[in-house]
Amino acid sequence: LWSGRFTAGITQDVLDYTHTTDVDERLVGYDIWGCLAHNIMLREQGIVQDEHARSIIGALLDLADDESRGTLKLDREHEDVHLNLESMVITRVGADAGGRMHTARSRNDQVMTATRLYLRDAIVEIAGELALFIQQLCERAEHEVAVIIPGYTHSQPAQPISLGFWLSAHASALLRDLRRLRDSYVVVDESPLGACALAGTSFPINRDSTRSYLGFATCLQHALDATSARDYLQQVVSALAILATNLTRLAEEIVVWSSHEYALLAVEDSFATGSSIMPQKKNPVVAELARARAGRVFGNLMQLLVITKGVALGYSCDLQEDKPMTWNSLDSIYSTIRLMRLQMAGIQVDAQRGVDLCYENFSTATDLTNYLVTAHELPFRTSHRVVGEIVSALTKQGFCLREADIVRRLLAERDIDASEAEIAHAVSPQRAVDRNTSVGGTSSDSVSATLQAILSANEALSQWFGSREAEVKAARQRTFKVARDFVGREPSVKDGVQA
Ligand code: ARG
């Protein structure tokens, strides 16, 4: 299509090296939508006459039908999705009409338009999965406030927490990821169409019209910036990289806590694999891979930053390398959230083991300390030392805080007169958890309040995504309706949906 000034075509090697048709597969439906919006506008503005516009738009609608039937195949000879579509239109309606569809446009604004259209849907899909996962974690947390497990700092036993408290901590972190997805959506949701190659155009285009057909919230006004910017992709992939990091922390806990040594939880058999040689093995491979997949997303982010770095403004072919790693990040994160969510539904926790560990690992030493401060009026620092000595003595003798009689004797040796019942009360892991009634603390009331806050924020964000999704769908339907009305065709149920 651009052969005018060339005397020879590119070699097969060059074509293999430069084409993007494989990567562009997922842009086809979006690029057709973008072409429709652009050509409806060209006609509205009188830039392309009705007769030609009718041919172009008719051909584009045929291509949309082919696409939804899965019969539209890109040919690598035509380099990318944009040149493929243009040559398909020209093949169908001839060059006199078809040759006008690219008026007042460039592949530089066209590709950013299709990419942004696709990304919006991809983000909504991931956000939907994430919101479901957050909701699932919260719902499970609500029912698990009485299941006690040790909480750790420095990977060492610290204080008892409930399973609900732990699950809601992950939900609380993932909620920020959902917000970051919303923020990155806002940056994506700007129309670059009409920026043309880099400088805008002398044709009397209407950028707000195409913006509206494509359901973009705003126009990205500056033509040179609109065609050069890749920071919005970096923002999306950064949000995904941070999300991946948060998921790995949950995955790590699942891996470690399901070991024989912790024996706190078990993943369902259907989320684990065995060993070809060791018959006893049950490997938590989904959690392991969720931990590892983050590596891909970090690598993708780094590639995206590096390929953009130092590229002077205005399109350079470097920038066409922006898509493979973006697609890969979206795919990796979507499947990781989904698998982590499905896995979490079947994770079994050994409640007795949790309590036993809390006794054996001295998780309630802080509670004994606080008890001496409140009931015996010891200064906190003195109480801390006394309990430290008791922990040391018990450890040497092979006992733990469950042996209230021995603890009573050790306290009595230090002139502190506490009954066994008082001590047992103080060091009970369940009571310890319920005592922390501060905002955001472990008590079941505190956890309930925290969960309410997370759930309502999750709900609000889901609604935000839902209403954007509905607006985008309506914009797409409107584009297709205007196009079909113009060429006198019946509407299709596929008009509002992406293939
Ligand atoms: N396939 C290209 C990309 O993905 C489209 C833009 C090409 N523009 C150009 N002037 N070569 O970035």
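Our structure is the block above this text.
**Notes on the overall build of the protein chain**
In step 1: Looking only at helices and strands, the protein chain features 20 helices and 6 strands.
In step 2: What you see for the protein chain is a C-alpha radius of gyration of 31 Å, clearly larger than the 23 Å of a compact globule of 499 residues, by over 25%.
In step 3: With the C-alpha coordinates aligned to their principal axes, the bounding extent of the protein chain is approximately 100 × 50 × 45 Å.
In step 4: A total of 499 residues make up the protein chain; the buried ones form 50% of that total.
In step 5: Restricting to contacts in the protein chain with at least 6 residues of sequence separation, those with at least 24 account for 76%.
In step 6: About 22,700 Å² of surface is accessible on the protein chain, with carbon and sulfur atoms providing 52% of the total.
In step 7: Averaging the positions of the 49 positive and the 64 negative side-chain charges in the protein chain gives two centres separated by 2 Å.

**Digging into the side chain of E86**
In step 1: The topology assignment puts E86 in helix α5 (residues 81-93).
In step 2: Among buried charged residues, E86 stands out as having no salt bridge; its nearest opposite-charge side chain is R105, 5.1 Å away.
In step 3: In contact with E86, not counting residues within four places along its chain, are L1, M101 and H102.

**What to know about the site of the ligand**
In step 1: Within the structure, the ligand sits among T20, D80, H82, R107, N108, V111, Y315, Q320 and K323.
In step 2: Taking D80, its side chain carries an N or O atom lying 3.0 Å from a nitrogen atom of the ligand.
In step 3: At 3.0 Å, a side-chain N or O of N108 approaches a nitrogen atom of the ligand.
In step 4: For the ligand, the protein covers 86% of the area, taking 340 Å² as the surface of the free molecule.
In step 5: Counted by class, the shell around the ligand contains 2 nonpolar, 4 polar and 3 charged residues.

**Considering the packing of helix α3 (residues 28-44) against α5**
In step 1: It is at 10 Å that the axes of α3 and α5 come closest, and there the two elements cross at 60°. When the axes of α3 and α5 are compared, the pair comes out oblique. Considering only the axes of α3 and α5, their crossing is right-handed. Every residue of α5 that contacts α3 at V28, D31, I32 and C35 is listed here: V81, H82 and L85.

**Section: the nonpolar core**
In step 1: Counting residues in hydrophobic clusters, the biggest one holds 112 residues, and the most contacted among them are W166, L181 and L243.
In step 2: Among the elements that take part in this core, helix α7 (residues 107-143) stands out by supplying 18 residues, more than any other.
In step 3: Once residues lying within four places of it in the same chain are set aside, the contact partners of W166 are I149, I161, L250, E253, W257, L265 and M344.
In step 4: Formed by 24 residues, the second largest nonpolar core is a distinct cluster that contains F362, Y371, L372 and L378.

**Concerning the packing of aromatic side chains**
In step 1: In this structure the tally under the stated criterion is 8 aromatic pairs.
In step 2: Relative to W257, the ring of W166 has its centre 5.0 Å away and its plane inclined at 45°; by these criteria the two rings are tilted. Of this pair, W166 sits in helix α8 (residues 163-188) while W257 is found in helix α11 (residues 231-257), placing the two residues 91 residues apart along the sequence. For the pair W166 and W257, a shared accessibility class is recorded, and that class is buried.
In step 3: Consider the rings of Y185 and W464, whose centres lie 5.4 Å apart with planes at 85°: the pair is edge-to-face. In this pair, Y185 sits in helix α8 while W464 sits in helix α20 (residues 444-487), placing the two residues 279 residues apart along the sequence.

**Structural notes on a nonpolar patch on the surface**
In step 1: A cluster of nonpolar side chains, contributed by L1, W2, F6, I10 and V14, occupies part of the molecular surface with about 460 Å² of accessible area.
In step 2: When you line up the elements, F6 lands in the segment before α1 (12-18).

**A word on the state of the cysteines**
In step 1: Taken as a whole, this structure holds 0 disulfides when the rule is applied.
In step 2: The cysteine C219 is free of any disulfide, with C196 supplying the nearest cysteine sulfur at 12 Å.

**Structural notes on the pairing of strand β1 (residues 148-153)**
In step 1: As paired elements, β1 and strand β2 (residues 156-162) share 6 bridges and run antiparallel to each other. By the bridge assignment, P150 is partnered in β2 with P160.
In step 2: Taking the residues that link successive antiparallel strands as the turn, the β1-β2 hairpin has 2 residues, and the phi of H154 there is positive, at about 55°.

**Points about the pattern of salt bridges**
In step 1: Considering all chains together, one arrives at 31 salt bridges under this definition.
In step 2: For D62, the salt bridge goes to R489, with nearest N and O atoms at 2.9 Å. Within this pair, whereas D62 is found in helix α4 (residues 50-69), its partner R489 is found in the segment after α20, the two being separated by 427 residues in sequence.
In step 3: Owing to a relative accessible area of 28%, D62 belongs among the partly exposed residues under this scheme.
In step 4: On the basis of relative accessible area, R489 is assigned to the partly exposed category, the value being 29%.
In step 5: A salt bridge links R120 to D189; its shortest N-O distance comes to 3.0 Å. Taken together, the residues span a long stretch of sequence, with R120 in helix α7 and D189 in the loop between α8 and β3 (190-191) at a distance of 69 residues. For the pair R120 and D189, one class covers both residues: buried.

**Re helix α12 (residues 285-308)**
Side chains three or four residues apart in an α-helix point the same way, a direct result of the helix having 3.6 residues per turn.
In step 1: With 24 residues, α12 extends 35 Å between its outermost C-alpha atoms, agreeing within 8% with the 34 Å of an ideal straight helix rising 1.5 Å per residue.
In step 2: For α12, the set of buried residues is V286, A287, A290, A294, V297, N300, L301, L304 and T308.
In step 3: Those residues of α12 that are buried are in contact with α11 and α13 (322-345).
In step 4: One or two positions beyond α12, positive phi appears at G310, with a value near 75°.

**Brief notes about the environment of S209**
In step 1: Structurally, the position occupied by S209 is in helix α9 (residues 207-213).
In step 2: Looking at S209, the relative accessible area reads 10%, which means it is buried.
In step 3: Taking the C-alpha atoms as reference points, S209 and S87, 122 residues apart in sequence, are found 25 Å from one another.
In step 4: Excluding residues that lie within four positions of it along the chain, S209 makes contacts with M41 and E44.
In step 5: Looking at S209, its side chain comes within polar contact range of the side chain of E44, at 2.9 Å.

What counts, and at which threshold
Residues numbered from 1 in each chain as written. Predicted model: local features only at pLDDT ≥ 70, side-chain atom pairs only at ≥ 80, totals over all residues. Heavy atoms only, no water. Helix = DSSP H or I, 4+ residues; strand = E, 2+ residues; numbered from the N terminus. Rg over C-alpha atoms; globule rule 2.2 N^0.38 Å. Buried < 20%, exposed > 50% of the residue type's maximum accessible area, 1.4 Å probe, protein only. Contact = heavy atoms within 4.5 Å. Areas by Shrake-Rupley, 256 points an atom, 1.4 Å probe, with all protein chains shown as cover. Lys, Arg positive; Asp, Glu negative; His and termini not counted. Charge placed at Lys NZ, Arg CZ, Asp CG, Glu CD. Salt bridge = Lys/Arg side-chain N within 4 Å of Asp/Glu carboxyl O. Near = heavy atom within 4 Å. Polar contact = N/O pair within 3.5 Å; in protein donor to acceptor, adjacent residues only side chain to side chain. Nonpolar A, V, L, I, M, F, W, Y, C, P; charged D, E, K, R; others polar. Axes fitted to C-alpha atoms, helices over the stretch in contact; angles between N-to-C directions. Parallel < 35°, antiparallel > 145°, perpendicular 65-115°, else oblique. Left-handed = near helix turned anticlockwise from the far one by under 90°. Core = buried A, V, L, I, M, F, W, Y, C linked by side-chain atoms within 4.5 Å. Phe/Tyr/Trp six-rings, centres within 6.5 Å; stacked < 30°, edge-to-face > 60°. Patch = residues over 30% accessible without salt bridge, like charges linked within 9 Å, V, L, I, M, F, W, Y side chains within 5 Å. Disulfide = S-S within 2.5 Å. Pairing = 2+ DSSP bridges. Expected span 1.5 Å × (residues − 1).

Keep in mind that these numbers describe shape and distance, not what the molecule does.
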